[in-house]
Structure formats: C-alpha cells, structure tokens
Amino acid sequence: MGLLGQFEYLQSLFETRQLPLRVAIASVIGYLVYSFGDQHGCLPVQTWIPYKWPLALDILKRQYDASSEQQLLLFQSQYFDKLGPNMTFKLFGNQGFLTADPKNVEAILATNFEDWELGSRRPGLFPMLGEGIFTQDGRPWKHSRELLRRQFVRIHRQDSHVFDDHVNDLITKLKSASGVVDLQPHFLRFTLATTTALIFGEPVISVPGEETDAFEKSFDYASYISALRLRLADFEWIWKPAKFKEACAVIKDFAMHFVELALKEMEQSGKEAASEKYAFIIELYKEMQNPALVRDQLVHVLIAGRDTTACLMSWTFFLLVRHPEVLAKLRTEIQDVTGGSSDMSRAVISKMKYLRCVINEVQRLYPQLPFNVRVAAKTTILPSGGGPDGNSPVLIPKHTGIGYSVYHMHRQKSIYGDDRNSFRPERWLSPELESVGWGFMPFHGGPRICLGKDFALTEASYAIIRIIQTFPELKLPPDLPIVPTGEEKQAMTIVVMSADGCKVSLG
Ligand code: HEM
C-alpha cells in the first residue's frame with residue numbers, strides 16, 4: 001500500500017475509534033501527509049490574500065461590496081495582478097486556494113481528474129436541477145456523460161439549418177425594433193428557443209400563453225438563486241426561499257410536460273416515429289426508463305446551453321460596436337465568403353477564419369463561465385504555486401476547496417502580453433498563441449469538457465453572421481461610454497453578463 005493508501009485507510013479508522021486513539025491516528029495521518037508532500041518536493045503557498053479583521057471577515061466584506069458594485073471580477077483582478085496566479089487564504093479557520101495557473105487547472109481537470117469532485121455544487125444546484133450531469137461525480141456522472149455524449153454526437157451530424165427558423169425569427173424581431181436596441185434579452189430568448197427545440201422537440205416560445213411565461217420567469221429566478229447558493233458554498237442551506245422552491249417546481253412540471261408528450265407519442269406511433277420530433281427524450285428514456293430522471297437531465301442541458309451562448313453573443317456585439325475597425329473587417333470576410341447569401345451551412349461558417357478569431361477573443365476576455373470550484377476528493381498535489389518563487393508543487397489535503405478563475409487566467413500578462421486587456425482578435429492569427437494550451441479554456445478541458453461546444457459555436461456564429469449581414473449600419477449608440485474591458489459593470493450569475501445589457505444602434 002502506498003503512502004496515500006495508508007493514510008486513506010487510517011482516515012477510515014479515524015471515524016470510529018476512541019479519543020486517545022483518534023489523536024494517535026491523527027498524528028500518524030499528519031506525518032504521512034507531510035512525508036507524502038515532502039517526497040514530491042511540495043512547499044506551502046506563500047502568497048496570502050491580505051486581511052485585517054479577525055477570521056479574515058474583511059475579505060468577505062470587500063467581496064460583498066465589489067459584488068454590489070457589479071465589479072467582482074475587477075476587484076479580484078487586483079489580487080491576481082499583485083500576488084500572481086496562485087494564492088491562499090483562511091476563512092473561518094479553513095484554508096482555501098485560488099488559482100489561475102494553467103498547470104494547476106490542467107492537473108485538476110485532466111491529469112489528476114479522479115482526485116477532484118464538485119463539492120458543494122451538488123447541494124447548491126440540486127433543488128433546481130435534480131439528478132444529472134452537473135450535480136454528479138464518479139460513476140453516476142460517467143453514466144450521464146455517456147448518455148448525453150451520444151446525443152451530442154447525433155446533433156453534431158445535423159446541419160446548421162436546424163437553426164434557420166430560430167435565426168429568422170430573431171432577425172424579424174430585431175428588424176421590428178428600430179433605434180437603440182438592447183440585444184441581450186433578444187439573445188436570451190433566441191438561445192431559449194434553440195435549446196428547448198433541441199431537448200423538448202419544440203421551442204418553448206411556440207407553446208402559447210401563461211405557462212411559457214411562468215416557465216421563463218421561474219427559470220430566470222431559479223438560476224439567479226442557484227448562482228447565489230453556489231457562491232455560499234457549504235452554507236448553501238442558508239438560502240432556500242419559498243419562492244425558489246415554487247420556481248423549481250414550475251420548471252420541473254414544464255419539462256415533465258414534454259417528457260409525457262414524447263412518451264405518449266411513442267406509445268401511439270412507436271419509437272421511430274416519436275424520435276423524429278422527440279429524439280433527445282426518447283433516446284434518454286430508452287436507457288433510463290424513468291421519466292423523472294429524463295426530465296432532470298433535460299433541465300441540466302437547458303441551464304448549460306441557454307445563458308452561456310446568449311452571453312457569448314452579447315459580449316461579441318458589445319465589443320464589436322466598440323471596435324468598428326474589427327466589425328468592418330469581419331463584415332468584409334462575411335461578404336467575401338457568403339457573397340451576401342443567407343444560406344449558412346457548417347462548411348460556409350468554417351471558412352470564416354476571422355470570425356473564429358473574434359469569437360476566441362470574446363471568449364478570452366469574457367469566458368462565459370468565469371470562475372469554478374473543485375474540492376479535493378483525496379489528498380493530492382498541485383504542480384505549481386508553492387515556495388518563495390511559486391514554482392514548487394503544493395500539497396492539497398483531502399476536502400480542500402480550490403477556486404480556479406478562467407477569467408483571470410485569460411488576462412494574464414505572462415500568457416497574453418502587455419495588451420492582455422485589449423480586444424485584439426488578430427492575436428489569434430499569429431503564431432504567438434499556437435502553444436497556449438491550457439492558457440485558453442472557455443469550454444474547460446479534460447473528461448468534463450463542455451458537451452455543447454460545437455452546438456454553441458455553430459448557433460452563435462450563424463446568428464452573428466446574419467445580424468451583421470442584415471444591419472449594415474450597426475454601431476454604438478451615441479452617448480454610451482467606452483471603458484476599458486473588464487471595467488464595465490458586470491452581472492454575475494452562473495455566467496458573467498454585461499450589467500447594462502448590450503445596447504446597439506441597428507440603423
Ligand atoms: C458559449 C457557450 C458555452 C460555454 C462557454 C460553455 C462552457 C462550459 C464549461 C466551462 C463547462 C464545464 C463546467 C464544469 O466542468 O464545471 C461546460 C459543461 C457542459 N456544457 Fe457547456 N458551454 C456552452 C454551451 C453549451 C451548450 C449550448 C450546451 C448544450 C446544449 C452545453 C452543454 C454542456 C454540458 C452537458 C456540460 C456538462 C459536461 C460534464 O459535466 O461532463 N454547453 N460547458
């Protein structure tokens with residue numbers, strides 16, 4: 001048995017024995033952990049987040065203030081700029097770590113994937129999502145992943161024409177909204193339509209009346225409260241208002257309605273016929289044989305797909321209208337490749353190299369999931385951040401939480417140079433970022449990499465192209481301030497949105 005095995009065995013004994021024995025076992029565990037770290041050259045992280053108040057409560061207070069001012073990520077940037085990519089802190093006596101170091105994130109998400117789990121994410125999201133890919137670890141997660149992966153392989157084979165009706169609908173709505181328009185709510189409706197069409201077999205906005213409104217409102221509200229609960233981490237139980245429970249029930253009922261429709265159709269017309277419309281549900285049901293579990297997986301995909309893609313589209317136009325030279329260059333590429341045609345196949349989209357650079361640059365500056373957390377499922381090692389120079393490995397005891405910030409990683413000077421905060425899509429055309437590897441990870445990486453990456457990039461690209469084609473006079477409305485990227489107000493839910501929306505003049 002290796003050192004790790006020995007102290008895990010001891011830890012299991014620790015739960016059940018008498019006090020003197022527990023003290024003895026704790027000492028042996030401490031010694032083994034220390035030896036394990038020593039063998040691997042581990043040194044403690046020496047960059048501490050400064051604090052003045054007892055229990056470091058002022059850190060919480062400052063975070064809270066920055067959150068209220070809608071500048072939480074900007075506030076955290078000060079620490080990353082001053083202390084480097086790795087830092088540590090103690091809150092209520094527990095030590096935690098923050099990292100924006102590609103080597104460490106690679107270890108957490110890929111190399112040592114088995115050593116990490118979701119921690120308090122499961123109880124935080126469970127009331128809204130139930131059992132499914134975002135709330136599971138280990139074998140249940142592997143099962144969900146495999147089931148959903150097969151769906152996304154099937155979807156990947158579909159042509160981009162599955163988005164035709166939704167994009168046409170979006171364009172029609174924008175055409176009728178003259179003058180200054182906030183694109184953000186339009187994009188949220190668009191991605192709600194595309195994602196629900198994918199999973200429910202029809203866009204929810206095609207379902208008339210109060211039920212749809214109630215669903216949309218409940219979904220927004222429950223997502224908002226779920227994001228707050230995630231930030232409360234182990235204290236998620238503090239925040240479970242009655243209205244939240246009601247909203248979660250509305251979402252579940254609404255999703256269940258489609259599962260029941262699909263199952264009824266299957267009963268009446270057979271699997272094959274029902275699959276024409278309800279393929280996602282029928283395929284999941286074939287494996288799970290449990291309508292409630294199918295329903296939960298659908299809600300998981302909905303939360304994964306809706307705000308993220310709307311957020312990407314919103315930041316794209318937010319930046320384009322503030323950089324007319326980039327917009328003009330992109331417009332030229334779109335005209336050259338399409339010749340003005342609105343027929344948007346995957347082949348056509350993939351010819352637009354500059355569009356890809358623009359999207360990369362938007363995702364670099366505003367990764368839609370800016371911050372994430374993992375908890376050590378066993379004592380493990382991070383490859384970097386320890387010792388006086390921050391280059392030694394660090395021993396991470398079991399149960400330690402690590403926050404990793406993709407947002408701050410994407411703005412690191414050592415990776416992106418002095419103009420790291422500038423919107424410059426051209427950086428993706430030159431060889432400078434060819435070996436960026438884990439320094440760029442908007443969809444994360446490793447075994448839990450986003451399953452909807454292709455879906456999201458195709459739908460966003462398609463809609464972006466069509467909007468630029470349709471509105472030749474698209475520009476920043478007069479009187480809107482231009483502030484350096486990252487200094488604008490941001491609304492943090494599970495994604496990071498612009499707090500002031502994405503106002504543009506469509507001409
Ligand atoms: C710009 C759009 C998107 C971004 C930036 C994005 C980003 C991500 C990231 C960072 C993760 C990893 C989360 C974690 O491990 O904690 C993830 C997971 C996931 N995403 Fe996306 N996503 C996007 C769109 C979509 C869409 C449109 C769908 C589906 C329609 C989708 C489905 C999923 C699923 C199912 C997972 C869970 C994977 C797992 O845990 O194994 N995503 N996404």
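Structure shown above.
All chains use their own residue numbering, which begins from 1 and follows the written sequence. pLDDT decides what is reported in this predicted model: residues at 70 or higher carry local features, side-chain atom pairs at 80 or more are listed and counted, and totals for whole chains, interfaces and linings draw on all residues regardless. Hydrogens are left out, water is left out, and the side-chain values use all remaining heavy atoms of the structure.

Asker: A description of the coordination of the iron atom of the ligand should follow, citing residues and the corresponding values.
Answerer: There is one protein donor for the iron atom of the ligand, and it is Cys 450 (SG), at 2.3 Å. Among the structural elements, Cys 450 can be located in the loop between helix 18 (413-416) and helix 19 (453-470). Think of the donor list as every N, O and S atom within 2.8 Å of the metal, or within 3.2 Å for Na, K and Ca; water never makes the list, so a site can look incomplete. Only DSSP runs of H or I with at least four residues qualify as helices, and only runs of E with at least two residues qualify as strands; both kinds are numbered from the N terminus onward.

Asker: Go over a nonpolar patch on the surface, please, and point to the residues and values.
Answerer: What goes into a patch is any residue over 30% in relative accessible area without a salt bridge, connected to like charges within 9 Å or, for nonpolar side chains (Val, Leu, Ile, Met, Phe, Trp, Tyr), within 5 Å. Accessible areas in this description were obtained via Shrake-Rupley with a 1.4 Å probe; residue shielding takes into account the shown protein chains only. Salt bridge, as applied in this entry: a Lys or Arg side-chain nitrogen positioned within 4 Å of an Asp or Glu carboxyl oxygen. A surface patch of nonpolar side chains, about 990 Å² in accessible area, is lined by Trp 53, Leu 55, Leu 57, Leu 60, Phe 92, Leu 232, Phe 235, Trp 237, Ile 238 and Trp 239. Turning to its location among the elements, Leu 60 is positioned in helix 3 (residues 57-68). Partly exposed residues are those whose accessible area sits between 20% and 50% of the maximum for their type, while under 20% is buried and over 50% is exposed, using a 1.4 Å probe and protein chains only. For Leu 60, a relative accessible area of 35% translates into the label partly exposed.

Asker: I'd like a description of the site of the ligand, backed by residues and values.
Answerer: For this purpose, a residue is taken to be near a molecule or strand whenever a single non-hydrogen atom of the residue falls within 4 Å of it. Close contacts around the ligand come from 27 residues, with Arg 121, Arg 145, Asn 372, Arg 374 and Cys 450 the closest. Here a polar contact is taken to be a pair of N or O atoms separated by no more than 3.5 Å, where protein atoms must pair a possible hydrogen donor with a possible acceptor and residues adjacent in sequence count only if both atoms sit in side chains. Residue Arg 374 places a side-chain N or O atom 2.9 Å away from an oxygen atom belonging to the ligand. Of all the elements in the fold, those that place two or more residues in the shell around the ligand are helix 7 (138-156), helix 13 (291-322), strand 5 (371-376) and helix 19. In terms of residue count, helix 13 provides more of the shell around the ligand than any other element does, 6 residues in total. Charged means Asp, Glu, Lys or Arg here, nonpolar means Ala, Val, Leu, Ile, Met, Phe, Trp, Tyr, Cys or Pro, and polar covers whatever is left, Gly included. In the shell around the ligand, the residues fall into 15 nonpolar, 8 polar and 4 charged.

Asker: Outline unusual backbone geometry, listing residues and values.
Answerer: Look at Gln 289: it is not a glycine, yet its phi comes out positive at around 55 degrees. By the element assignment, Gln 289 lies in the loop between helix 12 (271-288) and helix 13. Despite not being glycine, Asp 479 has its phi angle at roughly 75 degrees, a positive value. Looking at where Asp 479 falls in the secondary structure, it is placed in the loop between helix 19 and strand 9 (490-492). Since its relative accessible area comes to 79%, Asp 479 is described here as exposed.

Asker: Just give me the short version of the nonpolar core, but keep the residues and values in it.
Answerer: Here, nonpolar core refers to any group of buried Ala, Val, Leu, Ile, Met, Phe, Trp, Tyr and Cys residues whose side-chain atoms link them within 4.5 Å. With 138 residues, the main nonpolar core has Phe 280, Leu 298 and Phe 317 as its most contacted residues. By residue number, the principal contributor to this core is helix 13, which donates 16 residues. Any two residues having at least one pair of non-hydrogen atoms within 4.5 Å are treated as being in contact. Beyond its immediate stretch of four places on either side in the chain, Phe 317 contacts Leu 183, Phe 187, Ile 464, Ile 467, Ile 468, Leu 474 and Cys 502.

Asker: I'd like a rundown of the side chain of His 410, residues and numbers included.
Answerer: Note that His 410 resides in the loop between helix 17 (406-409) and helix 18. Apart from residues lying up to four places away in sequence, His 410 is in contact with Gln 363, Arg 364, Pro 367, Tyr 416, Gly 439, Phe 440, Met 441 and Pro 442.

In short, geometric facts, not functional conclusions.
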